[in-house]
Amino acid sequence: MSRVEEFEELRPLLFSIAYRLLGSVSEAEDAVQETWLRYENSPTRPASAKAFLAATVSRISIDVLRSARVRRERYVGPWFPEPLLADPYEDPQRSAELADSLSMAALLLLERLSPLERAVFVLREVFAFGFPEIASAVGRSEAACRQLAVRARRHMDAGRPRFEAGRAEREKLAGRFLDAFRDGDVDGLTGLLAADVEMIGDGGGKAPQWADRFIGAGYVARVLAAFVPMFARIGAEVEPHRLNGQPGAIFRDRDGRVLSTWTFDILDGRIQTIRTVNNPDKLGHVGPVADVWTAFREANKAHLRTD
């Protein structure tokens, strides 16, 4: 097998590692491309292409993550990972770990770890790499990596959300929620939301933002219902879609351009958290992106004409 064939076979795995480390589709793709360049220019063929490439993409991602943390400290408002439409890597033996580690909630928990802890946790707990391979990837001894793994696991377990296992039930509830949203049904929305539900938006200072966070079933339901006429005035459509392995939706304008993505954390038959990504810089991989400010102004003008 040629180097190109080896690399292309492992590309989905490399992207999946990099995305979980970086929380960014574009940065993960760049890390994978840099990994290929280093592999292509390596004077010798490694004994294990998988181990070499996984170690290389991990080291690149750790370096990017360290610089990204400085940028995220200056980020305007809440920061969320870029929404992922689908994970390209599949492993039936690791399906539960892969799905659990992809959710917005899990990725935000990973943000609390140091870059090394994050890399060790992802490689060990999600992808089941051995400690000798992990030690090579992060440049630490096996003993140190075991300590990092224990510390990371303790932090993750303390804050890990426990979602319902039934995918079909979660999809059904999300569908009912979106139907109630389209109808502007405050009572219907309230009945599907947890009492302490949170709706949190990531606009990055680049999209209209009423507030960073809304809390409470009644309040969130009223806010959601208030959105409906605005969306109607710009001909927006709601497209149910799984994002980061969770029930969610993509909001598009009348021309099919992306306005926003929403993901739902569901537990005990209720929506616990709604996370919206409105920053246009994070939506380019989802599809052509709408000019949200223009859409917002159009909605306001239409509202004034009808008053």
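Preceding block: the structure.
Being a predicted model, the structure only gives us computed values, none of them experimental. (Residues numbered from 1 in each chain as written. Predicted model: local features only at pLDDT ≥ 70, side-chain atom pairs only at ≥ 80, totals over all residues. Heavy atoms only, no water.)

## Observations regarding the pattern of salt bridges
Here comes step 1: As enumerated under the stated definition, the model contains 21 salt bridges in all.
Here comes step 2: Between glutamate 34 and arginine 38 there is a salt bridge, with its nearest N and O atoms 3.1 Å apart. Pair noted here: glutamate 34 and arginine 38 are both in helix 2 (residues 25–41), with a separation of 4 residues, about one helical turn.
Here comes step 3: Residue classification places glutamate 34 among the partly exposed residues on the basis of a relative accessible area of 31%.
Here comes step 4: Using a relative accessible area of 40% as the deciding quantity, one classes arginine 38 as partly exposed. (Salt bridge = Lys/Arg side-chain N within 4 Å of Asp/Glu carboxyl O. Helix = DSSP H or I, 4+ residues; strand = E, 2+ residues; numbered from the N terminus. Buried < 20%, exposed > 50% of the residue type's maximum accessible area, 1.4 Å probe, protein only.)

## Description of helix 3 (residues 49–73)
Here comes step 1: The first and last C-alpha atoms of helix 3 sit 36 Å apart over 25 residues, in line with the 36 Å expected at 1.5 Å per residue.
Here comes step 2: For helix 3, the principal kink sits at serine 67 and spans about 25°. (Expected span 1.5 Å × (residues − 1). Bend = angle between axes of the 7 residues up to and from the residue.)

## Considerations on the nonpolar core
Here comes step 1: Ranked by internal contacts, the top residues of the largest apolar core, which has 51 residues, are Ile17, Tyr19, Phe127, Phe129 and Val138.
Here comes step 2: Going through the elements one at a time, helix 1 (3–22), helix 2, helix 3, helix 4 (95–102), helix 5 (104–110), helix 6 (115–126), helix 7 (131–138) and helix 8 (142–159) are the ones with two or more residues in this core.
Here comes step 3: The element contributing the most residues to this core is helix 1, with 10 residues.
Here comes step 4: Excluding residues that lie within four positions of it along the chain, phenylalanine 129 makes contacts with Leu13, Ile17, Lys50, Ala54, Leu123, Arg124 and Ile134.
Here comes step 5: In terms of nonpolar packing, the next biggest core, distinct from the first, is built from 38 residues, Phe177, Ala194, Ile266 and Ala295 among them. (Core = buried A, V, L, I, M, F, W, Y, C linked by side-chain atoms within 4.5 Å. Contact = heavy atoms within 4.5 Å.)

## With respect to the sheet that holds strand 1 (residues 193–202)
One key point about sheets: their strands pair by backbone hydrogen bonds, in either a parallel or an antiparallel sense.
Here comes step 1: Spatially, the 6 strands line up as an open sheet ordered 2-1-6-5-4-3, and their pairing is mixed. Every other strand in the sheet has two partners, leaving strand 2 (213–215) and strand 3 (237–240) as the edge strands with one partner each. For this sheet the average axis-to-axis angle between neighbouring strands, irrespective of direction, equals 15°.
Here comes step 2: As paired elements, strand 5 (residues 258–267) and strand 6 (residues 270–277) share 7 bridges and run antiparallel to each other. Note that in strand 6 the partner of tryptophan 262 across the bridge is threonine 276.
Here comes step 3: Taken strand by strand, helix 9 (residues 167–183) contacts strand 1, strand 3, strand 4 (248–252), strand 5 and strand 6, and its axis lies near 130° from that of strand 5.
Here comes step 4: Of the strands in this sheet, strand 1, strand 2, strand 4, strand 5 and strand 6 are in contact with helix 11 (residues 217–233), which crosses strand 1 at around 50°. (Pairing = 2+ DSSP bridges. Axes fitted to C-alpha atoms, helices over the stretch in contact; angles between N-to-C directions.)

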